[in-house]
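Coordinate analysis (summary)
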Amino acid sequence: MTGSDRAYIRTRLAANEPPPTRAGPFHAIVQGLFSGPLNIAFTLFSIVAIAFAALPVVRFLIVDAVWQGMDASACQGAGGACWPFVQAKFGQFIYGTYPEALRWRPDLVFVLGALLLAPLLAPAAPLKRINALLFFGIYPIVAFVLLTGGNLDLRHFLIGRLTAWNIFGSATTAGLSWNFWSDYVATAFLVAVLVEVGAALLGARARKASFTALFVFAAVGAVVLAADLDFGLEPVETRSWGGLMVTLVVAITGIVASLPLGILLALGRRSEMPLVRLASVIFIEFWRGVPLITVLFFATYMLPLFLPSGVSVDGLLRVLIGVALFSAAYMAEVVRGGLQAIPKSQYEAAEALGLGYWQTMSFVVLPQALTIVIPGIVGNFIGLFKDTTLVLIVAIFDLLGQLRAAFADPAWASPVTLYTGFAFAGIIYFVFCYGMSRYALSLERRAAVAGGR
Amino acid sequence: MPATGNANAVAIELTGVHKWFGQFHVLKDIDLKVMRGERIVICGPSGSGKSTLIRCINRLERHQRGRILVDGIELTDDLKRIEEVRREVGMVFQQFNLFPHLTVLENCTLAPIWVRKMPKKIAEETALHYLARVKIPEQAGKYPGQLSGGQQQRVAIARALCMNPKLMLFDEPTSALDPEMIKEVLDAMVALANDGMTMLVVSHEMGFAREVANRVVFMDAGQIIEANEPKEFFDHPRHERTKLFLSQILH
Ligand SMILES: Nc1ncnc2c1ncn2[C@@H]1O[C@H](COP(=O)(O)OP(=O)(O)OP(=O)(O)O)[C@@H](O)[C@H]1O
Ligand SMILES: [Mg+2]
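Residues numbered from 1 in each chain as written. Chains lettered and ligands numbered in written order. Predicted model: local features only at pLDDT ≥ 70, side-chain atom pairs only at ≥ 80, totals over all residues. Heavy atoms only, no water.

**Some points on the overall build of chain B**
The test is simple: Think of it this way: any DSSP run of H or I at least four residues long counts as a helix, any run of E at least two long counts as a strand, and we number them from the N terminus. Each radius of gyration reported is based on C-alpha atoms, and the globular scaling rule is 2.2 Å times the count of residues to the power 0.38. Classification of residues uses two cut-offs on accessible area relative to the type maximum, computed with a 1.4 Å probe and protein chains only: under 20% is buried, over 50% is exposed, and between them is partly exposed. In what follows, residue pairs with any heavy atoms lying within 4.5 Å of each other are defined as contacts. The charge count treats Lys and Arg as positive and Asp and Glu as negative. His and the chain ends do not count. The atoms used to mark charge sites are NZ of Lys, CZ of Arg, CG of Asp and CD of Glu.
For chain B, the count of helices and strands is 9 helices and 10 strands. Taking 18 Å as the expected radius of gyration for a compact globule of 251 residues, we find that chain B reaches 18 Å, a close match to that expectation. Taken along the three principal axes of its C-alpha coordinates, chain B extends 55 × 45 × 40 Å. Counting over 251 residues, chain B shows a buried share of 55%. The long-range fraction of contacts in chain B, counting pairs at least 24 apart against all pairs at least 6 apart in sequence, stands at 66%. Charge-centre separation for chain B: the mean point of 32 positive side chains lies 4 Å from the mean point of 31 negative side chains.

Written as structure tokens, this is what we have:
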């Protein structure tokens, strides 16, 4: 159409054509790296910087490294990593002082965990529901029994502590204490009756409430029962656990527990019920207000002073609970950020369809909110994974703790032992954290496709 | 669906309904009775309380005085009754409000499966049936973000219909759409009206109102000013306020 034309009518319609392509597979690279003087300067600068940083690392880890030897003498004059040190201490790094003859048990836990986790993470794998049930429901119990040996030493439940309930003495069947389990069942029914009476007084649905109470007791009981059975495994105290095994136990428990807890806390903080909201706010702000080190110290050294005498909670378990609650508080705030990004209209659409609160949350709001905050959630996971090294200060020897212990071995004293050890730990931490980070990225991409964005 | 199952049955009844937003008196003494199978179009200037009124009918908003009965159930603070009402009342919003993380089919089957406890297979068949009725069965596998506005709104209509509601509320279903898409949505609504659905529609589509409405209700400043059958309403408006409003929107 030219300026002088008043009217215009197209006579032939233009056909569809493929977009223009530039020749050569290197076009994009050349275009990306060398398209202008400034770009060229940055490219060159980056190459030099990478060379400066990477070359010494490669030399230390590979070129100048010592690969063979029986003790520190092989590494005395070495200019690179002393890998025989890592090789010699490998068992200690992974299992701590877990008895060598029993190390097949943590091995089995590792393998089972990997076998269950891999298909859970792969979006295309089938049977997600069963897979999730196995991983989150069954696996923790199996891992617990394998790692500790199971067969808890339970004597009294609630009634036994408050009264002189001791009908069966120390009789046990298959590792189950008659005293404890009769006490447990009695307590369950007692609580159910109390709940029913209480609910009836408050005008709530009494029968339903008492059945819920019984159901909770049954579910918890089933878990404890499985952990209490005697499978004939030799018990291993958590005190002798260590190394990567402890790192993973602490990190995975923290990660798996903190997400659901965090979600509940975030929902609680936005609840319309003032008491629920207040309790959530207090909980979150309390745990966010204290440093993890304080939490660990408190759990390890102070808590026993507050517990009634005779009650002792395993040291590692206390730390696990502390870490889980601590990270749940942080997770709650991340999730809350996601919840705030969901417009009111989504809630309204769900409500208008007749969906109840929990249905609205689980099918409409949370899937969207959690997708938005994937980067924040994974950031928390990674932070938690690395923060597990703090358990060292309460005398739990995780990977880093075992490393430090190994440095003290005079048989391996050499100038490069320290660097080698930290390089090894660094690589392991990096592999886990980078793995999480990449996986999160792939999740985000999938979500972006699903959201049509 | 039969044209009017029971022509004398009352679908919605509002008596002396008042509502405030803080100090602001947004609904004043609303009386409205809608029979089953009736189609009502509500119009009025912006801010007159039209949306608030129909949102009170499925309790997205809470009224403070008066009575609202939907299908014989009175709306109170009782959550069970509210959910009962919501199961029977479908709603279509101005901004579609589809669930962006779910496919069209999943949008349509979510509530039937979880609220009506329908088996998944049957829910999907129902959904495809209604998607075909609004003429987009081929979009079932897509996400809302991949559809045009008109298509999204038709999905929203299908989603509401999948719950098999006794009545449908529409809050300006076409006012966020480009002119070309308005017609496809209105066509779907006309088809619904011809099937005898009880409908309460906030809209300024006067052609639609003339074609399908039994009554047109005019609201201003939180009150019902005038209500009449469409021909009378448009050709001989009685209240000065109505005349002024009609002269503004018809020219
Ligand atoms: N949640 C709320 N809080 C306070 N005021 C509100 C709220 N929702 C609506 N209002 C006010 O109530 C009045 C009526 O709003 P409503 O949305 O019902 O009007 P409407 O007739 O639907 O208008 P429109 O044609 O613009 O959609 C308006 O003045 C509005 O500002
Ligand atoms: Mg409105």
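On we go from here.
**Topic: the pattern of salt bridges**
Rule in force here: When a carboxyl oxygen of Asp or Glu is within 4 Å of a side-chain nitrogen of Lys or Arg, the pair counts as a salt bridge.
Enumeration according to the criterion identifies 31 salt bridges over all chains in this entry. With a closest N to O distance of 3.8 Å, Asp78 of chain B and Arg81 of chain B form a salt bridge. When its relative accessible area of 34% is taken as the criterion, Asp78 of chain B is described as partly exposed. Owing to a relative accessible area of 33%, Arg81 of chain B belongs among the partly exposed residues under this scheme. Here Arg241 of chain B makes a salt bridge to Asp220 of chain B, at a shortest N to O gap of 2.5 Å. Highlighted residues: Arg241 of chain B in helix α9 (residues 240-249) and Asp220 of chain B in strand β9 (residues 215-220), separated in sequence by 21 residues. Residue Arg241 of chain B is classed as partly exposed on the basis of its relative accessible area of 24%. Among the charged side chains, a salt-bridge network with shared partners connects Arg269, Glu285, Arg288, Glu333 and Arg336 of chain A.

**Observations regarding the interface of chain B and chain A**
Applied cut-off: The term buried area refers to how much accessible surface (probe radius 1.4 Å) is lost by two components on association, counted for both of them together. For the purposes of these results, a polar contact is taken to be a pair of N or O atoms within 3.5 Å, where, inside protein, one atom must be able to donate a hydrogen and its partner to accept one; residues adjacent in sequence count only when each atom of the pair is a side-chain atom. Charged residues are taken to be Asp, Glu, Lys and Arg, nonpolar residues to be Ala, Val, Leu, Ile, Met, Phe, Trp, Tyr, Cys and Pro, and polar residues to be all remaining types, Gly included.
Each partner contributes to the interface: chain B provides 25 residues, whereas chain A provides 21 residues. Taking both sides of the interface into account, the surface hidden between chain B and chain A amounts to around 1900 Å²; carbon and sulfur atoms contribute 62%. Remark: the boundary between chain B and chain A carries 2 salt bridges. One salt bridge connects Glu348 of chain A with Arg55 of chain B, and the closest N-O pair in it is separated by 2.7 Å. On inspection of chain B and its partner chain A, the count reaches 6 residue pairs in polar contact (both at pLDDT 80 or more). Listing elements by their share of the side of chain B that touches chain A, those giving two or more residues are α2 (79-88), β6 (89-92), α3 (104-114) and α5 (149-161) of chain B. No other element matches α3 of chain B, which puts 3 residues into the side of chain B that touches chain A. Its residues assigned to classes, the side of chain B that touches chain A shows 15 nonpolar, 5 polar and 5 charged.

**Observations concerning the nonpolar core**
The condition that has to hold: In plain words, nonpolar cores are sets of buried Ala, Val, Leu, Ile, Met, Phe, Trp, Tyr and Cys residues tied together by side-chain atoms within 4.5 Å.
Trp241 of chain A together with Leu14, Ile42 and Leu200 of chain B are the most contacted members of the largest nonpolar core, which has 129 residues in total. Ranked by the residues each element gives to this core, the list is headed by helix α9 (residues 243-269) of chain A, at 12 residues. Excluding residues that lie within four positions of it along the chain, Ile42 of chain B makes contacts with Lys50, Leu53, Ile54, Leu200, Val201, Val202, Ser203, Val217 and Met219 of chain B.

**Points about the sheet that holds strand β8 (residues 198-202) of chain B**
Residue and element names in this part refer to chain B. We count it as follows: Criterion used throughout: strands pair if DSSP finds at least two bridges between them. A fitted line through C-alpha atoms serves as each axis, taken over the contacting stretch for helices, and the angle formed by two N-to-C directions is quoted from 0 to 180°.
Taken together, 6 strands build an open sheet; the order of strands is β6-β7-β8-β3-β9-β10 and the sheet is mixed. The open sheet has two free edges, formed respectively by β6 and β10 (223-228), since each of these has just one partner strand. Between one strand and the next, the sheet's axes are offset by a mean angle of 20°, whatever the strand orientation. Taken together, the 5 bridges between strand β7 (residues 167-171) and β8 define a ladder with parallel strand orientation. Within β8, the position partnered with Met168 by the bridge is Met199. Against the sheet, helix α1 (residues 50-57) touches β3 (39-43), β6, β7, β8 and β9, its axis set at about 155° to β7. On the sheet, helix α6 (residues 179-194) packs against β3, β7 and β8 and is oriented at approximately 150° with respect to β8.

**A word on the confidence of the model for chain B**
Residues and elements named next belong to chain B. Here is the rule we go by: pLDDT runs from 0 to 100 and stands for how confident the predictor is about each residue.
Across chain B, the average pLDDT comes to 90, with 96% of residues at 70 or higher. α3 holds the highest mean pLDDT among the elements of chain B, 95, whereas α9 holds the lowest, 89. Of the regions scoring below 50 in pLDDT, residues 1-5 engages in 7 contacts with residues more than four places distant in sequence or in other chains. If you check the scores for this complex, the pTM reads 0.84 and the ipTM reads 0.92.

**Quick word on α5 of chain B**
The criterion, for reference: Expected span of a helix: the number of residues minus one, times 1.5 Å.
Taking 1.5 Å per residue as the helical rise, α5 of chain B with its 13 residues ought to reach 18 Å, and the 18 Å between its terminal C-alpha atoms agrees with that figure. Within α5 of chain B, 13 of the 13 residues are buried, which leaves it mostly tucked inside the rest of the structure.

**Some points on the site of ligand 1**
Residue and element names in this part refer to chain B. Where we set the bar: Whether a residue is near a molecule or strand depends on its heavy atoms: it is near if one of them lies within 4 Å of it. To measure how exposed things are, a 1.4 Å probe is used in the Shrake-Rupley method; for residues, cover is taken only from the protein chains shown.
Around ligand 1, the neighbouring residues are Phe21, Phe24, Val26, Pro45, Ser46, Gly47, Ser48, Gly49, Lys50, Ser51, Thr52 and Glu172. Within the backbone of Gly47, one N or O atom sits 2.8 Å away from an oxygen atom of ligand 1. A distance of 3.0 Å separates an oxygen atom of ligand 1 from a polar backbone atom of Gly49. Alone, ligand 1 offers 630 Å² of accessible surface; in the complex the protein occludes 59% of this. Elements with a contribution of two residues or more to the shell around ligand 1: β2 (24-35) and α1. A total of 3 residues in the shell around ligand 1 trace back to one element, the largest contributor, which is α1.

**Some thoughts on the state of the cysteines**
Basically, it comes down to this: Only a pair of cysteine sulfur atoms within 2.5 Å qualifies as a disulfide here.
All chains considered together, the criterion is met by 1 disulfide over all chains. The side chain of Cys75 of chain A participates in a disulfide bridge whose partner is Cys82 of chain A; the two sulfur atoms lie 1.9 Å from each other. Across the S-S bond of Cys75 of chain A and Cys82 of chain A the torsion is about 65°, and the bridge reads as right-handed. Of the residues examined, Cys82 of chain A reaches a relative accessible area of 0% and is grouped as buried. The structure places no disulfide on Cys43 of chain B, whose sulfur is separated from the nearest cysteine sulfur, that of Cys56 of chain B, by 19 Å. Residue Cys43 of chain B is classed as buried on the basis of its relative accessible area of 0%. No disulfide involves Cys162 of chain B; its sulfur sits 4.5 Å from the nearest other cysteine sulfur, which is in Cys108 of chain B.

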